[in-house]
Amino acid sequence: MNISGGLKIKLRLKPSFLGKIALILILLVTPLFTACCSGALGVGWAGTLVVDDTLYVATMQGELSAYDLTNARAPLWTLTLGNGAALYGPPVVSGDYIYIGTASGVVYKLKSDNTEAARTIDLGSPIVGGVAVGLDMVFVGTSEGIFYALDADDLSQEWRYPEVGKLSDRIWGTPTVDVTGADTAVVYFGAFDHKLYALDQDGEEVWTSPFEAGGAIASKPLVYNGVVYFGAFDRKFYALDQTDGSAAWTSPFAGGNWFWTEAIVYDNTDNDTADGTIFVGCLDHNVYALDPVTGAQKGKYTIDGPITAPPVIAVLPGENKSLGDTDDSDGVQTLDDDDVEMLIVASGASTGSVYALDPANLAGTPKWASPFTMNEQVQSPMSVHIKIDGDLVYQFLYVYGRGSTLTARWLTTGGDSGWDIKTSE
Amino acid sequence: MGAIWDLIILNPGLNVIIVMANAFAGSFGLAIIAVTIIVRLAMIPITLKQLRSTRAMHEIQPKLKALQKKFGNDRQKLSEETMKLYKEHGISPLGCVWPMLIQLPIWIALFQGIRQALAASPEDLLELSRHLYSWAVVNQAVPLDHSFLWLNLALPDPYYILPILVGVTMWVQQRMTAQPNTDPSQKNANLMMQIMFPALFAFITLQFPSGLGVYFVVSAVVGIIIQYFVMGWGGLIPSKAKPAPTLKQSKKAIEERVIDGKVAEYMSEDEEEAAEGEEDSSYWGKKKEEQPQLQKKKARKDGRIRSRRKNRR
């Protein structure tokens, strides 16, 4: 072979040479295989929850941590759950206790101040959806296809569905409990067998038969004004009559990809009519605003990535006060005179862009001048902390990225509040 | 680059696998087998070319050796003569490599497609959504049923049957490809390939979702069948070792090549010496039209032998 410039390379190909090439290829392919296959077990994305001035974070490291939001976000405690198993479902707080399920199949019950030993139950199959608490019961589905109702006190099994055997596919969706009376409740959950189930407090089916969608269901159902809303992998968003599971809309709303996350409703009226708006994020990069009664699209906004974290509604109180943190006087800001409503949506793309939109008009001017970027995927639930304490006003958004960055942002501007931590450190 | 790869190679493969699973009543295991067979059959022309090239390479080994002995000190001449030999036998020096290089991305795409379609973790499932077409049949079929025979295709085989099957089938395939070789270094390289390759894939099968193991086994079995029809059992069933050639046999072998005319120059020194003095008249008798050329070559050869003898003295 003669390369310009006169450099001569003699090409001598022998079988032994080919053997060497093959060996080199193997050596190159091995790490490639390993690289592309690693992470097959998943690392989780559980996310944040704010309750009573405490921020709870289920981390990528399989830990549950608590921070005091009124005391310079001082760490309160951190507990490693099991052997650091992946956490997908966010924690749930009920009374003085926190409940969370792990991918190792264990449900934990912890005292919110972590002063008691955690109570656990091993369900023997990975838990990917979150847990729901209602009527002194903890509801959770497993990858094995069994739905459990556990006693909220000692986590013993109250009942399971189906009573014998299991569903034909996994339950990865978080259930929703609708407490309808002092002793009555209906729990809704979707499964990968394409069905949405409605069970009463005793585990009996409420509908004649489960509703069958055209695809698997991973999203948490939303119950609003007698209607159950949920999306599925068939790219459709459904509305069902709560009483009998019949379709509430003429036809389901069609998106451009799967509906992975739960929908939320924003209703700023005091009456009992369904005059709010349903917001649902889709993996087609759009957040849709839908009419709850007809399913008609009221608006949509396109972001730079798939939406896997549920959108959040934040209402900033209309008081002209200084906005700051107990430890950070640099961040003082002025509020508007009127309430400011915003719909916060995060991108599951590697940019991790977080947007604040106008819920009344998604196509209108966004509430922040520009989205802020985490530079890591945001796939877990975000939380807001809004509190007026005398002259102090706390108005923060807490976001946890897949790169283990936990950050607090000003809700008014999306600006950096100066608090960023890495839970992996 | 990644986007182009996904668009042209990964996404079509992935969606076809899922459609196929739907066609087999949701059995992803059968879909893996069917798609692997289809892809291997579609690549038969390339595979055949590679196998033939490999076989031809093995066939010219004695001639190559003779060349190396003859021109061992003159690298440039050796290179030229080697290329000439390749040309005469219609062999491209990269003939064994480029079919492999063409097939490699297809194998990787199939491998990735199976892995993606398995969606063993929630993260994988989310990633899968990026690659699916909007076809209803595809979106309704996902996530796929992981159970197949005794396996959960998303998990490693708990009974270690599949890794053993992968190792054995790949070893058989490797063994069939390997040709008998007397060169110790080549022999060692062959042996290493025959052990390392299957062991590596058995190890991968041990660690990763068994759906990939099913793909490895089916791919190897199809490869074995194709190879059998092209090259027979190859090195799998070793032929009886040939005794060292006698002087007469060496001479006959040389005669055959000399009669061919074109390869006369590729004789080794030993062969030349073995042939010297024992030439009979039939040596010149078969291809009369080549006699003047061969006579010149013989004269040159005799001259070389004489000068070597002189030097030795």
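The rules behind each value
- Residues numbered from 1 in each chain as written.
- Chains lettered and ligands numbered in written order.
- Predicted model: local features only at pLDDT ≥ 70, side-chain atom pairs only at ≥ 80, totals over all residues.
- Heavy atoms only, no water.
- Helix = DSSP H or I, 4+ residues; strand = E, 2+ residues; numbered from the N terminus.
- Contact = heavy atoms within 4.5 Å.
- Areas by Shrake-Rupley, 256 points an atom, 1.4 Å probe, with all protein chains shown as cover.
- Buried < 20%, exposed > 50% of the residue type's maximum accessible area, 1.4 Å probe, protein only.
- Core = buried A, V, L, I, M, F, W, Y, C linked by side-chain atoms within 4.5 Å.
- Axes fitted to C-alpha atoms, helices over the stretch in contact; angles between N-to-C directions.
- Parallel < 35°, antiparallel > 145°, perpendicular 65-115°, else oblique.
- Left-handed = near helix turned anticlockwise from the far one by under 90°.
- Nonpolar A, V, L, I, M, F, W, Y, C, P; charged D, E, K, R; others polar.
- Phe/Tyr/Trp six-rings, centres within 6.5 Å; stacked < 30°, edge-to-face > 60°.
- Pairing = 2+ DSSP bridges.
- Polar contact = N/O pair within 3.5 Å; in protein donor to acceptor, adjacent residues only side chain to side chain.
- 1 Å grid on protein atoms, 1.4 Å probe; cavity = no way out; pocket = protein on both sides within 12 Å on 5 of 7 lines; lining within 4 Å.
- Points joined across faces, edges and corners; volume = space filled by probe spheres on them.

### Regarding the overall build of chain B
Piece 1. Helix and strand content of chain B: 15 helices and 2 strands.
Piece 2. Within chain B, residue pairs in contact and separated by at least 24 positions form 74% of the contacts whose partners lie at least 6 positions apart.
Piece 3. Surface summary for chain B: the accessible area is close to 16,500 Å², and the carbon and sulfur share equals 62%.

### Considering the overall build of chain A
Piece 1. Along the backbone of chain A there are 1 helix and 36 strands.
Piece 2. Among the 425 residues that make up chain A, the fraction classed as buried is 56%.
Piece 3. When the accessible surface of chain A is summed, it comes to about 16,900 Å², and 48% of that surface belongs to carbon and sulfur atoms.

### Some words on the nonpolar core
Piece 1. Counting residues in hydrophobic clusters, the biggest one holds 76 residues, and the most contacted among them are Ile18(B), Phe28(B) and Leu125(B).
Piece 2. Per-element accounting of this core gives the leading share, 11 residues, to helix α11 (residues 210–231) of chain B.
Piece 3. What Leu125(B) contacts, discounting residues up to four positions off in sequence, is Trp172(A), Phe192(A), Phe233(A), Trp258(A), Trp260(A), Ala119(B), Val142(B) and Pro143(B).
Piece 4. Core analysis: the next-biggest nonpolar cluster, separate from the first, contains 17 residues, Ala314(A), Ala346(A), Leu397(A) and Leu411(A) among them.

### Focus: the packing of helix α9 (residues 161–177) of chain B against α11(B)
All names here are of chain B.
Piece 1. Close contact between α9 and α11 brings their axes to 9 Å; oriented N to C, the two are set at 25°. Overall, the two elements α9 and α11 adopt an arrangement that is roughly parallel. Two packed elements cross with a definite hand, and for α9 against α11 that hand is left-handed. Each of Leu162, Leu165, Val166, Thr169, Met170, Val172, Gln173, Met176 and Thr177 in α9 lies in contact with α11, whose residues at this interface are Ser210, Gly213, Val214, Phe216, Val217, Ala220, Val221, Gly223, Ile224, Gln227 and Tyr228.
Piece 2. Along the lines of polarity and charge, the residues of the contact of α9 with α11 split into 13 nonpolar, 7 polar and no charged.

### Some points on the packing of aromatic side chains
Piece 1. The final tally for this structure, using the stated rule, is 34 aromatic pairs over all chains.
Piece 2. Centre to centre, the rings of Tyr301(A) and Tyr355(A) are 6.0 Å apart; their planes meet at 65°, and the pair counts as edge-to-face. Separated by 54 residues along the polypeptide, Tyr301(A) in strand β26 (residues 297–302) and Tyr355(A) in strand β31 (residues 353–357) bring together distant segments of the chain. Note on accessibility: Tyr301(A) and Tyr355(A) belong to one class, buried.
Piece 3. Here the aromatic rings of Tyr228(B) and Phe229(B) are separated by 5.4 Å at their centres, their planes lie at 75°, and the arrangement is edge-to-face.
Piece 4. Judged by its relative accessible area of 67%, Phe229(B) is exposed.

### Remarks on the pairing of strand β8 (residues 97–101) of chain A
Residues and elements named next belong to chain A.
Piece 1. Most of β8 is tucked away: 4 of the 5 residues are buried.
Piece 2. Hairpin remark: strand β7 (residues 92–94) followed by β8, antiparallel, with 2 residues in the connecting loop; positive phi at Gly95, about 65°.
Piece 3. Here 5 bridges tie β8 to strand β9 (residues 106–111), and the two strands are oriented antiparallel to one another. Paired with Ile98 across the bridge in β9 is Leu110.
Piece 4. Remark: 4 residues form the turn of the hairpin made by β8 and β9, two consecutive strands paired antiparallel; Gly105 in that turn has positive phi of roughly 90°.

### Remarks on the side chain of Thr277(A)
Residue and element names in this part refer to chain A.
Piece 1. By the element assignment, Thr277 lies in strand β24 (residues 277–281).
Piece 2. Separated by 2.8 Å, the side chains of Thr277 and Lys298 make a polar contact.
Piece 3. The residues touching Thr277, leaving out its near neighbours within four places in the chain, are Ile264, Val265, Tyr266, Ala289, Leu290, Pro292 and Lys298.

### A few points about the layout of surface pockets
Where empty space is left becomes clear once a probe the size of a water molecule has been rolled over the atoms.
Piece 1. By volume, the second largest pocket amounts to about 1,000 Å³.
Piece 2. Together, 40 residues line the second largest pocket, and Ser143(A), Arg170(A), His146(B), Asn152(B) and Ala154(B) are the ones closest to its centre.
Piece 3. Counting residues per element, the ones that place at least two in the lining of the second largest pocket are α1 (2–23) and α8 (136–141) of chain B.
Piece 4. Residue composition of the lining of the second largest pocket, grouped by class: 22 nonpolar, 12 polar and 6 charged.

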